[in-house]
Amino acid sequence: MGAVKTKRMPRAVREQQMLDAAVRTFGQRGYMAASMDEIAELAGVSKPLVYLYLNSKEDLFTACIRREAAALVGAVRSGVRTDTPADRQLWDGLRAFFAHTARHPDAWSVLHLQARTHGEPFAGEVAAMRAEIVAFVTQLILAAARAAHRDPDLPEGEVAGLAEALVGAAESLATWANATEGVTARQAAATLMNFSWAGLGNLMDGRSWSPPATPE
């Protein structure tokens, strides 16, 4: 069998082409089922060239995770304007998140489903991305607290917990939205905004919920 013929192009461009093919294959078939032969064929290159550029299947998968994680974090950050009201900042961040995951379902599958289920170092790469998003959401919640002049009443641990809960809900909702026909990114963002901001708004206004006293 002859080698796949490839046109000359810059290494960086060729590598992105391979990553595009790998994300699609990993996202649709899963890490274990995906083969380097399949990825090479989809990229229009020879399998030896994939190994030359990206060393191994593990390294290729790690490169996919890093690229897609950076793209997602960048999309969320760039979607938020810090000169807008707190609720608008959260809305814009959620809308950017769901728009990106909807436009790139294979990438979201790689990040949220595949990387987390195949151990280290893949899970660690995704955990680093998630920590960055949680930190960004934490700052959005703190900004809302400052705008409401209630930051002294929001302990650091509570803010961190709120950010974790919000990001976790967004992750689950993105997976559901991508798998459910007719659900748009805007609808998903509005669903989570209505779910979260009602509670956050009450919290900022000093109307926090307290559990009932447990009878002795």
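A brief look at the structure comes next. (Residues numbered from 1 in each chain as written. Predicted model: local features only at pLDDT ≥ 70, side-chain atom pairs only at ≥ 80, totals over all residues. Heavy atoms only, no water.)

1. Concerning the packing of aromatic side chains
Each aromatic ring pair is summarised here by two numbers: the centre-to-centre distance and the angle between the ring planes.
Next up, step 1: Counted under the stated rule, the structure contains 7 aromatic pairs.
Next up, step 2: Ring centres 4.8 Å apart and planes at 65 degrees place the aromatic pair Phe26 and Phe61 in the edge-to-face group. Separated by 35 residues along the polypeptide, Phe26 in helix H1 (residues 11-29) and Phe61 in helix H4 (residues 57-78) bring together distant segments of the chain. Each member of the pair, Phe26 as well as Phe61, is classed as buried.
Next up, step 3: On the basis of an interplanar angle of 85 degrees and a centroid distance of 5.3 Å, the ring pair of Phe97 and Phe98 is categorised as edge-to-face.
Next up, step 4: Its relative accessible area of 7% is what places Phe97 among the buried residues.
Next up, step 5: For Phe98, a relative accessible area of 2% puts it in the buried group. (Phe/Tyr/Trp six-rings, centres within 6.5 Å; stacked < 30°, edge-to-face > 60°. Helix = DSSP H or I, 4+ residues; strand = E, 2+ residues; numbered from the N terminus. Buried < 20%, exposed > 50% of the residue type's maximum accessible area, 1.4 Å probe, protein only.)

2. Structural notes on unusual backbone geometry
Next up, step 1: The omega torsion of the bond from Glu120 to Pro121 falls at 5 degrees, within 30 degrees of zero and hence cis.
Next up, step 2: With respect to the helices, strands and loops of the structure, Pro121 is situated in the loop between helix H6 (105-114) and helix H7 (122-147).

3. A look at the environment of Gly161
Next up, step 1: Structurally, Gly161 is set in helix H8 (residues 156-179).
Next up, step 2: Residue class for Gly161 comes out partly exposed when judged on its relative accessible area of 39%.
Next up, step 3: Once the C-alpha coordinates of Gly161 and Val134 are considered, the two residues, 27 residues apart in sequence, prove to be 9.6 Å apart.

4. Comments concerning H4
Next up, step 1: The end-to-end C-alpha distance of H4, which contains 22 residues, comes to 31 Å, matching closely the 32 Å that a straight helix rising 1.5 Å per residue would cover.
Next up, step 2: Inspection of H4 places Lys57, Leu60, Phe61, Thr62, Cys64, Ile65, Glu68, Ala69, Leu72, Val73, Ala75 and Val76 among the buried residues, and these make up the whole buried set.
Next up, step 3: Of the surrounding secondary structure, the elements contacted by the buried residues of H4 are H1, helix H2 (36-43), helix H3 (47-54), helix H5 (86-103), H6 and H7. (Expected span 1.5 Å × (residues − 1). Contact = heavy atoms within 4.5 Å.)

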